[in-house]
Amino acid sequence: MELSQAADEDRFIVGLRAALVNGFQEARRTLASVNVSGLFALSCLVRLMHLDEVGDWRPQVASLLVDFGPGTDRVDQAEEFFAELARLPSGLKILTRALKAWNVQCAEQLSKELRELLVSSVLRDAPTPRTALAAVTLGGLPGLLPPEASKSVLETADDGSRDEAIELMAKGLALESQRFLVQLRQEHGRAKAAAKAVQVLGLEEEFPDAEFHWKKEALESAICKGRREAMVGLSCQESRLHSRCVQGLLECNEVELAADLGMTWNVALPELSEKLKEAKMKREAECFSLPEAVSINLVEDEVAVGRLSLLSSTTSSTTIGFDLECNMASGVPTLLQLGSLREVFLVDLLAVGHLSSLATTLQEIWGSSVPKVSFGGADDLG
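The structure contained in this document is the topic of the report that follows. (Residues numbered from 1 in each chain as written. Predicted model: local features only at pLDDT ≥ 70, side-chain atom pairs only at ≥ 80, totals over all residues. Heavy atoms only, no water.)

1. A look at the overall build of the chain
Part 1 of the reasoning: On a plain count of helices and strands, the chain comes out with 21 helices and five strands.
Part 2 of the reasoning: Long-range pairs, those at least 24 residues apart, make up 61% of the contacts in the chain between residues at least 6 apart in sequence. (Helix = DSSP H or I, 4+ residues; strand = E, 2+ residues; numbered from the N terminus. Contact = heavy atoms within 4.5 Å.)

Quick look at the structure:
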């Protein structure tokens, strides 16, 4: 069936609505059999957006019409319909999809009059939660918003609920506006979001301390909550936080860990000896410890791998215990712990995991008749 701009749009919209009764995909198949120009679809779309009685099915129909794209029509021929959508309170969301379908990638493709209308529409809708995302998306069209308008949109829309969309918009803005976004987040106490914007927009030279500031803030929060893993994780790559991390660990009564890190990071801890002694006494009283007769062996080279074969001998071992540690981020095994009543072996898998001699030795150990015990050992073996 052939349809032109002069065709009966009422009949077309009614037919489309009837097709939607049988589902979205059925409507799409119906439209696929109709030769509809991009201008005709846009004209129907504008009329559709003006109808109050269309109800819940309007978004689906709008989506179908927008997806037709421009066909052979020129962008300048569609500007009248773009303008109509921009004027409608609920039209900006559909307009952003229409511009994308018509392959409008920068404001220079549009007339000056339409650009001015789009700017006013973005400023109108950005503070409104229902349409803010569409306004922000349209605001990211390169060359559309002048600096002051960009700042106005950022100031009203960047409330923490749509950070990724705001950052995507900022990529199309001038450097001045990008700087403003980072400063805005810093002023509002959103240090982590500011650091993210710096990374996404490539502003590390402009804001070299952005990541440090959010880590510093997060460290204080971790100290208040007594989260020692978070304290160490936030500080290990940032030397300026080493001292505060060690002090925070002391505040949380993690004396031994504070002492170890203080020595590693060269953080002075005067008058710690008495606290450290008390902490060790408390740990020894509360925790199990290996008997002094048990030797501990670090396996980090091929020579040390050979000594593991002792565990497969029933004369030296009555039971073998095992446990595996993995990298929390990647899941890669890093440390294998094997032990008998006489010896414990800490196998550095990052150092010797690739050795065929280790594979052979482990096969001998697991093939022996000596019982093996573990907690959650099925997962470790997997």
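2. Quick notes on helix α3 (residues 38-50)
Part 1 of the reasoning: With 13 residues, α3 should cover 18 Å at 1.5 Å per step; its first-to-last C-alpha distance of 19 Å lies within 8% of that length.
Part 2 of the reasoning: Among the 13 residues in α3, 11 count as buried, and that is most of the element. (Expected span 1.5 Å × (residues − 1). Buried < 20%, exposed > 50% of the residue type's maximum accessible area, 1.4 Å probe, protein only.)

3. Side note on the packing of aromatic side chains
Part 1 of the reasoning: Under the definition given, this model contains two aromatic pairs.
Part 2 of the reasoning: Taking the centre distance of 5.8 Å and the plane angle of 85° together, the rings of F82 and W102 count as edge-to-face. Taken together, the residues F82 in helix α5 (residues 75-87) and W102 in the loop between α6 (92-101) and α7 (112-125) connect sequence positions 20 residues apart.
Part 3 of the reasoning: Judged by relative accessible area, which is 0%, F82 ranks as buried. (Phe/Tyr/Trp six-rings, centres within 6.5 Å; stacked < 30°, edge-to-face > 60°.)

4. Considerations on α5
Part 1 of the reasoning: Taking 1.5 Å as the rise per residue, α5 with 13 residues should run 18 Å; its terminal C-alpha atoms sit 18 Å apart, in good agreement.
Part 2 of the reasoning: The largest bend in α5 comes to about 30°, at F81.
Part 3 of the reasoning: Within the sequence span of α5, burial applies to V75, A78, E79, F81, F82, A83, L85 and A86.
Part 4 of the reasoning: Of the surrounding elements, those touching the buried residues of α5 are α3, α6 and α7. (Bend = angle between axes of the 7 residues up to and from the residue.)

5. Here we look at unusual backbone geometry
Part 1 of the reasoning: For N253, which is not a glycine, the phi torsion comes out positive at approximately 65°.
Part 2 of the reasoning: A residue is classified by how much of its surface remains accessible, and N253, at 65% relative accessible area, is exposed.
Part 3 of the reasoning: If you check the backbone angles, N266 has positive phi at about 60° while not being a glycine.
Part 4 of the reasoning: Summarising the element assignment, N266 is placed in the loop between α16 (255-265) and α17 (273-286).
Part 5 of the reasoning: Since its relative accessible area comes to 72%, N266 is described here as exposed.

6. A few points about the environment of A194
Part 1 of the reasoning: Residue placement: A194 occurs in helix α12 (residues 191-201).
Part 2 of the reasoning: Along the primary structure A194 and L184 are separated by 10 residues, whereas in three dimensions their C-alpha atoms are 8.1 Å apart.
Part 3 of the reasoning: Setting aside residues up to four positions removed in sequence, A194 forms contacts with V182, R185 and Q186.

7. Points about the nonpolar core
Part 1 of the reasoning: Of all hydrophobic cores here, the largest spans 79 residues; its most connected members are L42, F82, L95 and L118.
Part 2 of the reasoning: With seven residues, α5 is the largest single contributor of residues to this core.
Part 3 of the reasoning: For L95, the contacting residues outside a window of four places in its chain are F82, L85, A86, L118 and L138.
Part 4 of the reasoning: The next biggest cluster of nonpolar side chains, apart from the first, holds 18 residues, and it includes L308, F322, L324 and L349. (Core = buried A, V, L, I, M, F, W, Y, C linked by side-chain atoms within 4.5 Å.)

8. Things to note about the sheet that holds strand β4 (residues 343-348)
Part 1 of the reasoning: An order of β1-β4-β3-β2-β5 is seen for the five strands of this open sheet, with the pairing classed as mixed. One side of each edge strand has no neighbouring strand; the edge strands of this open sheet are β1 (295-299) and β5 (372-373).
Part 2 of the reasoning: The sheet contact formed by strand β2 (residues 320-326) and β5 spans two bridges and is parallel. Paired with G321 across the two strands is V373, which belongs to β5. (Pairing = 2+ DSSP bridges.)

9. Some details on the packing of helix α13 (residues 210-225) against helix α15 (residues 242-251)
Part 1 of the reasoning: Running from N to C, α13 and α15 point in directions that differ by 15°, and their axes come no closer than 9 Å. For the element pair α13 / α15, the angle class is roughly parallel. Once α13 is placed against α15, the crossing between them reads as right-handed. Counted together, L219, E220 and I223 of α13 and R244, C245, G248 and E251 of α15 form the full contact between these two elements.
Part 2 of the reasoning: When the residues that make up the contact of α13 with α15 are grouped by side-chain class, the tally is three nonpolar, one polar and three charged. (Axes fitted to C-alpha atoms, helices over the stretch in contact; angles between N-to-C directions. Parallel < 35°, antiparallel > 145°, perpendicular 65-115°, else oblique. Left-handed = near helix turned anticlockwise from the far one by under 90°. Nonpolar A, V, L, I, M, F, W, Y, C, P; charged D, E, K, R; others polar.)

10. Comments concerning the pairing of β2
Taken residue by residue, a regular strand's side chains alternate between the two faces of the sheet.
Part 1 of the reasoning: Looking at chain direction, β2 and strand β3 (residues 333-339) are connected through six bridges and run antiparallel. Looking at the pairing, L324 lines up with L336 of β3.
Part 2 of the reasoning: The loop that links β2 with its antiparallel partner β3 comprises six residues; one of these, G331, has a positive phi angle of about 80°.

11. Some remarks on the pattern of salt bridges
Part 1 of the reasoning: Taken as a whole and judged by the stated rule, the model has 19 salt bridges.
Part 2 of the reasoning: Of the charged contacts, one joins D159 and R162 as a salt bridge, the two residues approaching to 3.3 Å between their closest N and O atoms.
Part 3 of the reasoning: In this structure R162 comes out as buried when scored by relative accessible area, which is 15%.
Part 4 of the reasoning: Residues joined in a network through salt bridges with shared partners are D158, D163, E167, R185, R190 and K196. (Salt bridge = Lys/Arg side-chain N within 4 Å of Asp/Glu carboxyl O.)

12. Quick notes on the packing of α6 against α7
Part 1 of the reasoning: With their axes 11 Å apart at the nearest point, α6 and α7 run at an angle of 135° to one another. Put simply, α6 runs oblique to α7. As α6 packs across α7, the resulting crossing turns out to be left-handed. Here α6 contributes L92, L95 and L99 to the contact with α7, which in turn contributes L118, S121, V122 and D125.
Part 2 of the reasoning: Tallied by class, the residues present in the contact of α6 with α7 amount to five nonpolar, one polar and one charged.

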